[in-house]
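# Descriptive analysis of the structure
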Amino acid sequence: MKKIILIFCVLIVCACNKTNESNYRIKTIIEENANTIIAINYPITNIKKLNKKVKEYVNDTYNKFLKQYNEITFLNKKHELNIDYTYYNLADKYISITLFKHISSSDKELILNEVISYNYDINKKSEIKFDEIITSNEKSQIKDLIKNLLFEKYGSIIDLNKISSINYDNLKFSINNNISIYFEAHEISNTYKDIIQIDIPISHFNILEYLSIEKKETPLYIEPIINYIDISKPMIALTFDDGPSIYTEEILETLNKYHSNATFFVLGNKIDAHSDTIIKMYQYGNEIGNHSYNHRSLTKLSKDEQREQIDKTQDIIKKYTGFTPIYLRPTYGSVNNKLRNNTNLDIILWNVDTKDWKYKDVNTIVNNTLRDVKDGSIILMHDTHKRTSEAVKILIPKLIENGYQLVTISELKEAQKIKNNINETR
Ligand code: ZN
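Computed from a predicted structure; not experimentally measured.

## A word on the coordination of the zinc ion
Tetrahedral coordination by four donors puts the ideal angle at the metal at 109.5 degrees, and octahedral coordination by six puts it at 90 or 180 degrees. Those protein atoms acting as donors to the zinc ion are Asp242 (OD), His291 (NE2) and His295 (NE2), and they sit at 2.1 Å. The sequence pattern formed by the donor residues of the zinc ion is D-x48-H-x3-H. Of this pair, Asp242 sits in the loop between β10 (235–241) and α6 (248–257) while His295 is found in the loop between β12 (287–290) and α8 (303–321), placing the two residues 53 residues apart along the sequence. A single burial state applies to Asp242 and to His295, both of which are buried.

Below, the structure written as structure tokens:
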């Protein structure tokens, strides 16, 4: 009987937790291969039909890209694939997922931007197309509005012949407070390369009764836990890139269990979906660093694009934690002077690479790390793999047993500064 009661209690706890969580999570694939770099982030909802479509698109794109660009060497050119997303849930009535695919070569000779959108009516349990959100009376009016907005925003690049042959029944769109409509550049222009987006206030669409979205309360920031550090003893900094993810929580609990901290270099586009995780990350005394918004190869971007990647991520971290990061870990570990001179953030690389994205075996990850680590090491891991959260459970107590304190990058730097000062005054 006792057992049954216990199981029952656990179920209740799980159920409660679920309702507090946001109803989508972000899946991440990040890898560096011989001829390619890949960063893919996409949402997983609790709607199977929708997940299947999104996953099919992602897998198909990923496989085609590898086949086309990784199997052939293009004279020192690395090709980059990036898939980013937007996710909207309008009052639990409509879910919109838009995927943005970007492919480019390191010399920018090839630049390809594509967009695909999925819109789902939660009540009808089916996908909805653009012509289903406008009544037939509205059609011509909405058409004119779209044309006007396109001319207003993109006038100089528009090709008139292309505009006149747009198929309005099958537009790519997302439903939020605005109806956003997306075009690939070639659909309306001969010169432009980026995705084209116009926004129409939802009130223009009669078929949708206007649904106001409840504003989330601004979180009350709680002071983080402080773990005691002895600067005379050896210390190392564990760092986790590419999160937060569904595996981050477990790593946070392991760190907390051993009164240890780490630094998490997070992606801005994953934080809304994992806001509960980022808050806990900060409250447990860990440091949060910036790893760009959607893992584009930063050195390839213009100064404005680099700033946008960094600033958007700074803002969203601050929104949930009140904390503004001071460190940047560049994507793919690649840095140049353009990037260095374009940010106030300190650039942090690593000196021990666990290669947890490559090795599938937990013990290999643990043993590699234990072999290479020494006082002052900065260790690279990724909180996007189940095996990393498992490795951490073995690694952390072992490192502590070997006399190391696990600290944040700020703590490591501060301790090194104090030690240097003591040595100088001696
Ligand atoms: Zn990364």
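Now that the structure has been shown, we can carry on.
## Brief notes about the packing of helix α10 (residues 362–372) against helix α11 (residues 386–401)
Running from N to C, α10 and α11 point in directions that differ by 40°, and their axes come no closer than 9 Å. As far as their axial angle goes, α11 and α10 are oblique. In the packing of α10 onto α11, the handedness of the crossing is right-handed. Residues Val362, Asn363, Ile365, Val366, Thr369 and Leu370 of α10 form the contact with α11, whose own contacting residues are Arg387, Glu390, Ala391, Ile394, Leu395, Lys398 and Leu399. For the contact of α10 with α11, the per-class residue count stands at 8 nonpolar, 2 polar and 3 charged.

## Topic: the pattern of salt bridges
Counted under the stated rule, the structure contains 26 salt bridges. Residues Lys393 and Glu250 are paired through a salt bridge, measuring 2.5 Å at the closest nitrogen-oxygen approach. Note that Lys393 is positioned in helix α11 and Glu250 in helix α6, a separation of 143 residues in sequence. By relative accessible area, which is 34% here, Lys393 ends up partly exposed. When its relative accessible area of 26% is taken as the criterion, Glu250 is described as partly exposed. In this structure, a network of salt bridges that share partners links the residues Glu250, Lys386, Glu390 and Lys393.

## Looking at the side chain of Ser180
Within the fold, Ser180 resides in strand β8 (residues 178–183). Using a relative accessible area of 5% as the deciding quantity, one classes Ser180 as buried. Of the polar contacts made by the side chain of Ser180, one reaches the side chain of Gln197; its length is 3.4 Å. Not counting chain neighbours up to four residues away, the residues in contact with Ser180 comprise Lys172, Phe173, Ser174, Gln197, Ile198 and Asp199.

## A closer look at the pairing of strand β7 (residues 172–175)
Where burial is concerned, the two faces of β7 agree: the one with Lys172 and Ser174 and the one with Phe173 and Ile175 are both buried. Linkage of β7 to β8, two consecutive antiparallel strands, is achieved through a turn of 2 residues.

## Here we look at the domain arrangement of the protein chain
When its domains are assigned, the protein chain resolves into domain 1 (21–212) and domain 2 (231–425). Using only C-alpha atoms to locate each centre, domain 1 and domain 2 end up separated by 31 Å. Between domain 1 and domain 2, the contact holds 22 residues from the first and 19 residues from the second. Summed over both partners, the interface of domain 1 with domain 2 comes to about 1,900 Å²; 46% of that surface belongs to carbon and sulfur atoms.

## Notes on the nonpolar core
By size, the foremost hydrophobic cluster in this structure holds 33 residues, and its most contacted members are Leu238, Phe240, Phe264, Val266, Ile288, Met381 and Leu399. Of all elements in the fold, only β10, α6, β11 (263–266), α7 (275–283), α8, α10, β16 (378–382) and α11 reach the threshold of two or more residues within this core. Element by element, the count of residues in this core is highest for α11, at 5 residues. Every residue in contact with Ile288, bar those within four places of it in the chain, is listed here: Phe264, Val266, Ile278, Met281, Tyr282, Ile317, Thr321, Phe323 and Pro325. Residues Ile133, Ile166, Tyr168 and Ile202 belong to the second largest nonpolar core, which totals 27 residues.

How each quantity is defined
- Residues numbered from 1 in each chain as written.
- Predicted model: local features only at pLDDT ≥ 70, side-chain atom pairs only at ≥ 80, totals over all residues.
- Heavy atoms only, no water.
- Donors = N, O, S within 2.8 Å, 3.2 Å for Na, K, Ca; no water.
- Helix = DSSP H or I, 4+ residues; strand = E, 2+ residues; numbered from the N terminus.
- Buried < 20%, exposed > 50% of the residue type's maximum accessible area, 1.4 Å probe, protein only.
- Axes fitted to C-alpha atoms, helices over the stretch in contact; angles between N-to-C directions.
- Parallel < 35°, antiparallel > 145°, perpendicular 65-115°, else oblique.
- Left-handed = near helix turned anticlockwise from the far one by under 90°.
- Contact = heavy atoms within 4.5 Å.
- Nonpolar A, V, L, I, M, F, W, Y, C, P; charged D, E, K, R; others polar.
- Salt bridge = Lys/Arg side-chain N within 4 Å of Asp/Glu carboxyl O.
- Polar contact = N/O pair within 3.5 Å; in protein donor to acceptor, adjacent residues only side chain to side chain.
- Pairing = 2+ DSSP bridges.
- Domains from an automatic or database assignment.
- Buried area = accessible area lost by both parts, 1.4 Å probe.
- Core = buried A, V, L, I, M, F, W, Y, C linked by side-chain atoms within 4.5 Å.

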